[in-house]
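Spelled out from the first residue to the last, the chains are:
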Amino acid sequence: MKCAYVYLEAPASLIEEFPLPSPIPRWTFPSADLPGLPAFFAKAGLSKSLIETLLSSKHLVKEGAYVHLIPPLAELESMTPETRAIIYGELSKHPENEYHADPVLIIGTTIEEWYKGSKLRPEIVSKIKQLGYLRGEAVAFSDIPLLLNYAQSDSEARVIFKACTRTRNLMIRLVLDKNTDADEIIKYWSFGTGIRRKDLEPLIRSIIELDGVDDLGIVHVLPALARKLLYTYPGLDMAKHGVMPDCHWTSLNFFNYEPHEYLLDARLATSQVLEQFTPVEPPYQFADVLFFLDNTTGDAFHSCVHLADNIVFTKNGRNILSPWVIMRLEDVKKIYLYKGNGRVQGFRRKDIAIEKKAGLESP
């Protein structure tokens, strides 16, 4: 496989559907946490004067079961990455803090390289670098509202917001030349069974035999639905079922020509795994579904589909600004296993597992 990184951003037409966030940063905590906030902030590294400011009537708003703190911009900018990581880690536990719960994650490269080729001014990129903090092995950025204060126009504010949807993805081509073992290639990408062989064999053999062409985009060997979704963002029409597609919908629909919408229901998706899949250990094969499981509860909090060589097909999040992409498994782990309380377990469709076993045992 020949791999290259490409960067995707949500299309402008999709960004236009979203109102820009308020440029006023806000930290939201449960009201029950209010008495303990002074000690928490002090332990995180905030000065006594800033703590008093944050908890003053001018910067604190009570609303039902929550309190909202409005940190002064200058003090927010001057926080150290270590302090930011501690406070934002706590904020991420509450979905009301959407940019802390779901921050921009920069994985496997520098912030400068991540935004190379974007339309952001160098000053904006420098500000993202200043406001970044570590979340496990990834650099996280949550201060989109603060960043919007540096926009020089409404159009630049939308450019900034658009750039915050940027993701790094793999573009992969399969090398197919005269030295390629066509039977092995066809066997692997058809699940190692007769399934899909008739769809792949003519194309793969023709590429191998054709002079001047020695590779094939991986999208051409994926099932129909994955081929349709790869490198795209969900359309607003996908919200018609009341909930957007997530990782489990993506993984369990990988085999289907048309998506089975009942898989939007977590209970029914779990039922399908229990009934139709069997656990498998590495090395994983094409189309194995990899579930990220909580070590304590056993609940699956993410899933993706193994393609080859620990490269996976994934949708990282249910939101509309999360595209379907190809990533290295190690990078997906940096997104979901940073707390150290999870593990990856592979599952294989039972009919595929049975046919593979029969193939191995045949003389």
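Preceding block: the structure.
Small disclaimer: the values here were computed from a predicted structure and weren't measured. The residue numbers shown here count from 1 along each chain, following its written sequence. Side-chain atom pairs in this predicted model are given and counted only at pLDDT of 80 or more, local residue features only at pLDDT of at least 70, and totals for whole chains, interfaces and linings cover all residues. In computing side-chain properties, one takes all heavy atoms of the structure into account and sets aside hydrogens as well as water.

(A) The packing of helix α11 (residues 182-189) against helix α12 (residues 197-209), seen in detail. Between α11 and α12, the shortest axis-to-axis distance is 10 Å and the interhelical angle comes to 145 degrees. Considering only the axes of α11 and α12, their crossing is right-handed. Packed against α11, whose contacting residues are Ala182, Asp183, Ile185, Ile186 and Trp189, the element α12 presents Arg197, Leu200, Glu201, Ile204, Arg205 and Ile208 at the interface. Polar here means any residue outside two lists: the nonpolar Ala, Val, Leu, Ile, Met, Phe, Trp, Tyr, Cys and Pro, and the charged Asp, Glu, Lys and Arg; Gly therefore counts as polar. Looking at the contact of α11 with α12 residue by residue, the class counts come to 7 nonpolar, no polar and 4 charged. Fitted lines through C-alpha atoms serve as axes, helices being fitted only where they are in contact, and the angles separating the N-to-C directions of these axes extend from 0 to 180 degrees. In DSSP terms, a helix is any run of H or I states spanning at least four residues, a strand is any run of E spanning at least two, and both are numbered starting from the N terminus. Should the near helix be turned counterclockwise from the far one by less than a right angle, the crossing is left-handed, whereas a clockwise turn marks it as right-handed. Any two residues whose heavy atoms approach within 4.5 Å at even a single point are treated as in contact.

(B) Structural context of the sheet that holds strand β2 (residues 27-30). Read from one edge to the other, the open sheet built from 3 strands follows the order β2-β4-β3, with strand pairing classed as antiparallel. The outermost strands of the open sheet, each flanked by one partner alone, are β2 and β3 (60-63). Strand after strand, the sheet turns through a mean of 25 degrees between neighbouring axes, direction not considered. Any two strands with at least two DSSP bridges between them are considered paired. In this sheet, strand β4 (residues 66-69) lies alongside β2 in antiparallel orientation, the contact comprising 4 bridges. Opposite threonine 28, over in β4, you have histidine 68 as the bridge partner.

(C) Quick look at the sheet that holds strand β8 (residues 167-175). Read across the sheet, 3 strands follow the order β1-β8-β9 without closing on themselves; strand pairing throughout is antiparallel. The outermost strands of the open sheet, each flanked by one partner alone, are β1 (2-8) and β9 (215-217). Going from strand to strand, the sheet's axes swing by 35 degrees on average, the running direction of each strand aside. In terms of strand pairing, β1 meets β8 through 7 bridges, oriented antiparallel. Each bridged residue has a counterpart across the sheet, and for leucine 8 the counterpart in β8 is threonine 167.

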